[in-house]
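# Coordinate analysis (summary)
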Amino acid sequence: MDFANLLFFIFLFGIGLFFGSFANVVVLRLHSEQDGILGGRSQCPKCKHLLGFWDLVPLFSWIFLRGKCRYCSDCISWHYPLGEITMGALWVFLFFVSGISLESLLSGADVAKASYFLLLGFFSHILFFSDLFSTEVHRVISIPAIGIALLFLIFPFTPSWKDAFLGALIPTVFFGSQILLSRFIFTSRGDWVGEGDIDFGIIMGLVLGWKGVIIALFLAYFLGSCIGVFVMIQKGRGAQVPFGPFLLISMFLALFWGNTIINWYLGLLGVA
Ligand SMILES: [Zn+2]
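Residues numbered from 1 in each chain as written. Predicted model: local features only at pLDDT ≥ 70, side-chain atom pairs only at ≥ 80, totals over all residues.

## Considerations on the domain arrangement of the chain
Size of an interface: often given as the accessible area lost when the parts come together. Domain assignment breaks the chain into domain 1 (1-134) and domain 2 (159-272). Just the C-alpha atoms count here: the centres of domain 1 and domain 2 sit 26 Å apart. The interface is formed by seven residues belonging to domain 1 together with seven residues belonging to domain 2. In terms of residue count, the dominant contributor to the side of domain 1 that touches domain 2 is helix 5 (residues 111-134) (six residues). Each residue belonging to the side of domain 1 that touches domain 2 can be placed in one class, and the counts come to five nonpolar, one polar and one charged. (Domains from an automatic or database assignment. Contact = placed C-beta atoms within 7 Å. Helix = DSSP H or I, 4+ residues; strand = E, 2+ residues; numbered from the N terminus. Nonpolar A, V, L, I, M, F, W, Y, C, P; charged D, E, K, R; others polar.)

## Points about helix 1 (residues 3-32)
For helix 1, built from 30 residues, the straight-helix expectation of 44 Å at 1.5 Å per residue is met to within 8% by its first-to-last C-alpha distance of 43 Å. In the core, the buried residues of helix 1 are packed alongside helix 3 (79-97), helix 4 (102-106), helix 5 and helix 6 (139-151). (Expected span 1.5 Å × (residues − 1).)

## Focus on the environment of R70
For R70, the position within the fold is in the loop between helix 2 (60-64) and helix 3. Given 16 C-beta atoms within 10 Å, R70 falls into the partly exposed group. In this structure the C-alpha to C-alpha distance between R70 and V229, which are 159 residues apart in sequence, comes to 40 Å. In contact with R70, other than residues within four places in its own chain, are D55 and L65. (Buried ≥ 20, exposed ≤ 12 C-beta atoms within 10 Å, placed from the backbone.)

As structure tokens, then:
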């Protein structure tokens, strides 16, 4: 990577920190339903002191204030820098693996693709953390994410319409039937998948197409059961593990390495 592209990726990471900070606020306000998503100024959750510009610089404020509020010295959750770093890192990752560079952007060739990954990354990030921290999927976020995935189907780097709709149908039927079964037949067992998982499934299907979504579902169950067992050992059997984060991680893995994963798996089975 040349120097100009290195600077470009550092810049992208920096912008990602700011959008990550914004995403944190959205997640927090969706969770607490305070002030709507956009209104109101940021304040310390403990002492309610309004925060100034120097308290709100992503990552750096947290580092320089050593994770404490300037006014009441109460600890500021590590969720804030985590949300900021992960947005920057996700954007850099998406651009890097999809081969978007400064040149391809300036020539205009990758502008649509870059917009797609910025938007998809941003909404996935919010969905990921709101499901992770509050096990809730908010339609205010999932519906626009579905809208974006639909809109970008006009571009050649996304699946064809047919492929995308079939892709969205598979997890809808798959999760929908599980929800119906757990509601009406195995009522004692509770919901293993939630309605929000259908939203995740639709996004995945539109982004990946039918083959990709099947790979992603397998991956999500594989990752989910590995980590789910680990969490239950740590926290006891009743621990709630949201499934959405696994679906989203699997979506990005299948998007870039779907074929590699299939070949590896078939190799394990001795088929290929
Ligand atoms: Zn405070």
